[in-house]
Amino acid sequence: LSYSITGLYSILNELQIAASTEELANQFDSLLGLNKQLRNNFYRKLIYANSFAMTDSTTQIKNAAFFDTKYNYSSSYVNELEKLCCEAYQIDFKNENDVNKMLEWVNKAVYTDKFIDKDFLGMNRESILYYFSTLYFKNAWNKKYLSKDNVVEPFYLLDGTQIDTTYMKHSYSINSYYDYESYISFEDYYLNGNASITYIVPNIF
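First things first, this report covers the structure right here in the doc. Since we're looking at a predicted model, the values are computed, not measured.

## Side note on the packing of aromatic side chains
A ring pair, where both rings are aromatic, is described by two values, the distance of the centres and the angle of the planes. Inspection of every chain in the model, using the stated rule, returns 15 aromatic pairs. When the ring of Tyr9 is compared with that of Tyr43, the centres are 6.3 Å apart and the planes differ by 20°; the resulting orientation is stacked. Residue Tyr9 is found in helix 1 (residues 5-17), and its partner Tyr43 is found in helix 3 (residues 36-49); the two are separated by 34 residues along the sequence. Each member of the pair, Tyr9 as well as Tyr43, carries the same accessibility label: buried. With centroids separated by 6.3 Å and ring planes inclined at 90°, the aromatic side chains of Phe67 and Tyr77 adopt a geometry described as edge-to-face. Taken as a pair, Phe67 in strand 2 (residues 57-68) and Tyr77 in helix 4 (residues 75-83) lie far apart in primary sequence, ten residues in all. A relative accessible area of 4% means that Phe67 is categorised as buried. Within the aromatic cluster, the residues linked to one another by ring pairs are Phe66, Tyr89, Phe93, Trp105, Tyr130 and Phe132.

See the structure below:
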């Protein structure tokens, strides 16, 4: 279950390390677009660039693998996970206290009580490994959206029908933009300039 491209990329990258054959490892390389070394270097940069905590600006990426005590696991694989900033734990999936520790890890990572529970995991007797990749993002806009500035104006549907729609007004400080002929892109920054969102707008007026 994936909520972000970053999380999916992280888990696929961790799975590739456990590939049992060269052919399977090559398939992961093809899927992810980079070989293992380049991919790991890229991911470490992503982690370092998106791990900070300030008063009004926090972004954190965390990863963990939980192994069941049912089997022994390769120490070299665990070492490879650590290189990707992925924590590794071995717990008893049949022990409720141990499972609660896994749930607690996720809930703490996203700063939310009961974000997931045991039912969410879908555990059964064949469960032996869980990967988690969390992205916590909490930032204030550099220029805030204020509801008092909202306006109601017409919105036109494809059939020409007009409906009154509430729009948010927002002032931008656009220092630069990129013109790609058919569209332009520009950024809107969060407080402290640690994060931004990129808008892509059709170049039709």
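## With respect to the packing of helix 1 against helix 3
The interhelical angle for the contact between helix 1 and helix 3, taken along N-to-C directions, is 140°, at an axis separation of 11 Å. In terms of axis orientation, helix 1 runs oblique to helix 3. Seen along the crossing, helix 1 lies across helix 3 with a hand that is left-handed. In contact with Thr6, Tyr9, Ser10, Asn13 and Gln16 of helix 1, helix 3 contributes Lys36, Arg39, Asn40, Phe42, Tyr43 and Leu46. The residue makeup of the contact of helix 1 with helix 3, split by class, is four nonpolar, five polar and two charged.

## Brief notes about helix 3
Residues spaced three or four apart along an α-helix point in a common direction, a consequence of the helix completing one turn every 3.6 residues. The end-to-end C-alpha separation of helix 3 is 20 Å, in line with the 20 Å expected for 14 residues at 1.5 Å each. Those residues of helix 3 lying buried are Arg39, Asn40, Tyr43, Leu46 and Ile47. For helix 3, the angular spread of buried residues about the axis comes to 120°, placing them on one side. Exposed and facing more than 90 degrees away from the buried side of helix 3 are Lys45 and Tyr48. Its buried side turned inward, helix 3 meets helix 1, helix 2 (22-32), strand 2 and strand 4 (129-139). Among the residues of helix 3, the N-terminal cap falls to Asn35, whose side-chain oxygen and the backbone nitrogen of Gln37 are separated by 3.2 Å.

## A look at the pairing of strand 2
In terms of burial, strand 2 is a largely internal element, eleven of the twelve residues being buried. Across two bridges, strand 1 (residues 52-53) lies against strand 2 in antiparallel orientation. The partner of Ala53 across the bridge, within strand 2, is Thr58. By the bridge criterion, eleven bridges tie strand 2 to strand 4 in an arrangement that is antiparallel. Bridge pairing links Phe66 to Tyr130 in strand 4. With six bridges joining them, strand 2 and strand 3 (residues 86-91) adopt parallel strand pairing. Residue pairing for strand 3: Asn63 is matched across the bridge by Cys86.

Cut-offs used in this document
Residues numbered from 1 in each chain as written. Predicted model: local features only at pLDDT ≥ 70, side-chain atom pairs only at ≥ 80, totals over all residues. Heavy atoms only, no water. Phe/Tyr/Trp six-rings, centres within 6.5 Å; stacked < 30°, edge-to-face > 60°. Helix = DSSP H or I, 4+ residues; strand = E, 2+ residues; numbered from the N terminus. Buried < 20%, exposed > 50% of the residue type's maximum accessible area, 1.4 Å probe, protein only. Axes fitted to C-alpha atoms, helices over the stretch in contact; angles between N-to-C directions. Parallel < 35°, antiparallel > 145°, perpendicular 65-115°, else oblique. Left-handed = near helix turned anticlockwise from the far one by under 90°. Contact = heavy atoms within 4.5 Å. Nonpolar A, V, L, I, M, F, W, Y, C, P; charged D, E, K, R; others polar. Expected span 1.5 Å × (residues − 1). Arc of directions from axis to C-beta. Polar contact = N/O pair within 3.5 Å; in protein donor to acceptor, adjacent residues only side chain to side chain. Pairing = 2+ DSSP bridges.

Fair warning: the whole summary comes from geometry, so function is off the table for now.
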